[in-house]
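Each chain, letter by letter, is given below.
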Amino acid sequence: MRLSVNFLLVLACLLILSMPIRADFSYEINLKGGYTGNLLNDSLGMEDSYSTSRASFKYYPLSTLEIGLSSEYTYYSKTYGLSNLLYSGTVIHIPTVESSPVTVYLSAGYDRVRYRENIESFDNKTIRVKASLSYRVSSGMRLRTGSNLAATRYVNADSISADNDQYELFAGANMSFLGSNSLDIETGFSFTNYSFINDSLEWFNPVDPGLRDGHFRSFYISPRFSRPLGLKTGISVTYKYRHFANINRAVVLGYATGFLSPWALVFDGSSIVLQLKSYLVPHVVVSAGAGYWDKTYLKTLERVYNPSFHGFEWPPPNQVPRRKDYFTRLYLSFQRPITFGFNGVLEPTVTVDYSHNNSSLATYDYSSTTVTVGLTYRR
Amino acid sequence: MKLVLAGLTILTVVFSITAGAEEPPSQEAILPANSRFIDLDGDGFNDNIPDVNNDGIPDFSVEMTQESRVISPSGESDIFGSLMNDVFLPELKLPYSQKFNRLKYCARDLCKSRGGFGSDEAFGPGNGIGQGALSGHCLGGICHF
C-alpha cells in the first residue's frame, strides 16, 4: 500500500512538472444524501438512508487527451457493511479534429470497489476499453460503430466464481427528418464467459458446486425517437429488445438475493422508456422519466427459506424456476445550476424515484421509493 | 402484451402532446435557416443551441451561427490535425480543457452505447440510487457501457 501511495505521489509530481503551458484541469465535488424504502429491491423492503461523497479530477495534458481520476465513498446508516469505496481512473483520447466528418473516440478505464466487513467477497476490479468512430454522412445523418471490452475480477481469495470478460460490438445511425424529429437506431452483439451448474442435477453441493465454464451471446436492437415540444422542452422514447442465446441448459449461482449478485441485472426481454427534459422554469432543469421492462432472467440458484426447520437451504438445480419480472420505474428530478466566476458551477439537485416490480418469484415482488438530495460543485 | 400496451400508451401521449403543442416558437426559429436539427444525445433538443455560460442550460436567446460549435478554429481539414495544431499553431489560445470538450461534443454519440449485458434501468439523473457507489459503470461485476 505504501509503495503504491509513493508511486502515485511521484506520478503526480511528474505530471505537474511536465505540464504544458495550456494544459489545465477541472474538478468536481459531489455530496449526496438520500433515503430508500427498499435498499435490496426485494420483498423484505429494508429501509435505509445513505450518503455519498465523490471527488473527481480531470487533467488535460493535450487538447486531445483527458486523464480522469475519481473516488466515491457511500455510507449506509443501517446496512453498515454495505458501505463501500469506489475509485477509478479513465483516459480518453479523441485524435480527430472538429471539422472532420470522422470522429474517433478511444477510452480506457479502471474501476475498483471495496466493501466493508462481511461483504468483502464482492470486492472487484474492472478494466474497460472502448474504441468507436462515427462518420457524418450529411448535416442530418451520422453513422457510428465501435467495440467495448470489460474484464471483471473478484479480488479476494474467498471470492465468488463470477469473473468474466465482456466483449461488445455495436453500430448505429442517427438521422433527422421532417424538421425537428430525430431517429437513432442502434444494434449490437455481446459475448461473455460465465460459470454455471448443469440444470439436470438433482441435488446441489455448496462445498463443491461443480461449476463449469460457459459462454453466452447477447443481441440487441434499440430505436430511439426524440423531438422538442415547443422551445424549452424535449422528449424521447426509447425501445430496446435484447435476446440471450446459449443459456437454456445453465443455472447460475445467485450468491445473494439480488443486488450485489453478479446476475442481479442480467436479463433479456423488451423495454420502453419515455424521458422528458424541460427548461420552462427559469434557471431550473426539470427531468422526468417513465419506463417499463419485460424481463426474463437467467435461471439462478438461490437459497430459499424452509419454514419446516426455520432455515435456508439450496433447492435442486433441476427445480430452479426461470424468473420473469414486469418492472416499472418513474422519476422526477430538479436541478438548479448556479454559475460563479472562473467557470465554476454549483448545482443543487432533488430527485424522487419510484419503482414497482411484479415477479414470477414472490421474493421479488416489491415497490420502492427513493428521495435524494445532492449538491455538486464543478469547475 | 403489457409492453405493447405501455408502448402504445406512451406513443399516443407523445403524439397527442406533439400535435397539441404550440409550434412557434420552435427551436428551429432561433437557428439560421440553413442549420439542420440534430439530436445525438437523445434529449429532444437541437444540439446546436449554444450553452454560453456552460451551466448545462441551453441559451435559447442567443443567436448562433451555422455549425458554430463544430467548426475548427483553424479550419484544418485533415482528420488527425489537432495534435499538430497544439505544436504549430500557438495562436489558438483556448485552454486544452475547452478544446477537448469541443472534441467530446463531436463524439457525444460515441461515449455510451445501449448494449451489453448490464441493466439499462439506470436512466435519468437519479440512477444508481440504492446502489450508492455502484452508480458507475459496473454493478455486481456486470458492466453497462
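For the structure, check the block above.
The sections below set out a description of the structure shown in this document. Please read all numbers here as calculations on a predicted model, not as lab measurements.

Okay, the environment of A:T300 next. Residue and element names in this part refer to chain A. Its place among the elements puts T300 in strand β15 (residues 300-301). Sequence separation between T300 and E186 is 114 residues, and the spatial gap between their C-alpha atoms is 29 Å. Filtering out sequence-adjacent residues up to four positions away, T300 remains in contact with V251, V252, L253, G254 and V320. One polar contact links the side chain of T300 to the main-chain carbonyl oxygen of L298, over a distance of 2.9 Å.

What follows concerns the environment of A:Q275. All names here are of chain A. For Q275, the location among the structural elements is in strand β13 (residues 267-278). Along the backbone, Q275 and A288 are 13 residues apart, and their C-alpha atoms lie at a distance of 5.9 Å. A polar contact is formed between the side chain of Q275 and the side chain of Y331, at a distance of 3.2 Å.

Let us now look at the packing of aromatic side chains. A full pass over the atoms with the stated rule returns 17 aromatic pairs over all chains. Measuring from ring centre to ring centre gives 5.6 Å for A:Y60 and B:F100, while their planes differ by 50°; the resulting arrangement is tilted. Of this pair, A:Y60 sits in strand β2 (residues 48-62) while B:F100 sits in helix α3 (residues 96-106), on two different chains. The burial state of A:Y60 is the same as that of B:F100; both residues are buried. Each member of the aromatic cluster is reached from another via a ring pair, and the members are A:Y194, A:F196, A:F216 and A:F244. One cation-aromatic arrangement involves A:K295 over A:F327; the distance from NZ or CZ to the ring centre is 4.5 Å. One residue, B:R108, lies across the ring of B:Y105, its end atom 4.0 Å from the ring centre.

On to the environment of A:N174. If you trace the backbone, A:N174 turns up in strand β8 (residues 164-177). On the basis of relative accessibility, which here comes to 0%, the residue A:N174 falls in the buried class. It is 26 Å that separates the C-alpha atoms of A:N174 and A:E66, two residues lying 108 residues apart in sequence. Setting aside anything within four residues of it in sequence, one finds A:N174 in contact with A:G140, A:M141, A:R142, A:R144, A:S182, A:L183, A:D184, A:R224, B:I38, B:D39 and B:L40. For A:N174, the side chain forms a polar contact with the side chain of A:D184, separated by 3.0 Å. Within polar-contact distance, the side chain of A:N174 engages the backbone oxygen of B:D39 at 3.1 Å.

Residue and element names in this part refer to chain A. Taken together, the side chains of L332, F334, V350, V352, V371 and V373 define a hydrophobic patch exposed on the protein surface, amounting to about 440 Å² of accessible area. Mapped onto the nonpolar patch, the elements with two or more residues apiece are β18 (324-335), β20 (345-359) and β21 (366-378). For V350, the location among the structural elements is in strand β20. For V350, a relative accessible area of 36% corresponds to the partly exposed category.

This part is about the pattern of salt bridges. All names here are of chain A. Taken as a whole, this structure holds 15 salt bridges over all chains when the rule is applied. Here R54 makes a salt bridge to E72, at a shortest N to O gap of 3.2 Å. With a gap of 18 residues between them, R54 in strand β2 and E72 in strand β3 (residues 65-76) connect regions that are remote in the sequence. By relative accessible area, which is 27% here, R54 ends up partly exposed. When the shortest N-O distance is used, the salt bridge between D184 and R144 registers 2.7 Å. Pair noted here: D184 is in strand β9 (residues 181-198) and R144 is in strand β7 (residues 141-154), with a separation of 40 residues, a long-range link. You'll find D184 and R144 in the same group, each marked buried. If you follow the salt bridges from partner to partner, you end up with R144, D184, E186 and R224 in one network.

Rules behind the numbers
Residues numbered from 1 in each chain as written. Chains lettered and ligands numbered in written order. Predicted model: local features only at pLDDT ≥ 70, side-chain atom pairs only at ≥ 80, totals over all residues. Heavy atoms only, no water. Helix = DSSP H or I, 4+ residues; strand = E, 2+ residues; numbered from the N terminus. Contact = heavy atoms within 4.5 Å. Polar contact = N/O pair within 3.5 Å; in protein donor to acceptor, adjacent residues only side chain to side chain. Phe/Tyr/Trp six-rings, centres within 6.5 Å; stacked < 30°, edge-to-face > 60°. Buried < 20%, exposed > 50% of the residue type's maximum accessible area, 1.4 Å probe, protein only. Lys NZ or Arg CZ within 6 Å of the ring centre and 35° of its normal. Patch = residues over 30% accessible without salt bridge, like charges linked within 9 Å, V, L, I, M, F, W, Y side chains within 5 Å. Areas by Shrake-Rupley, 256 points an atom, 1.4 Å probe, with all protein chains shown as cover. Salt bridge = Lys/Arg side-chain N within 4 Å of Asp/Glu carboxyl O.

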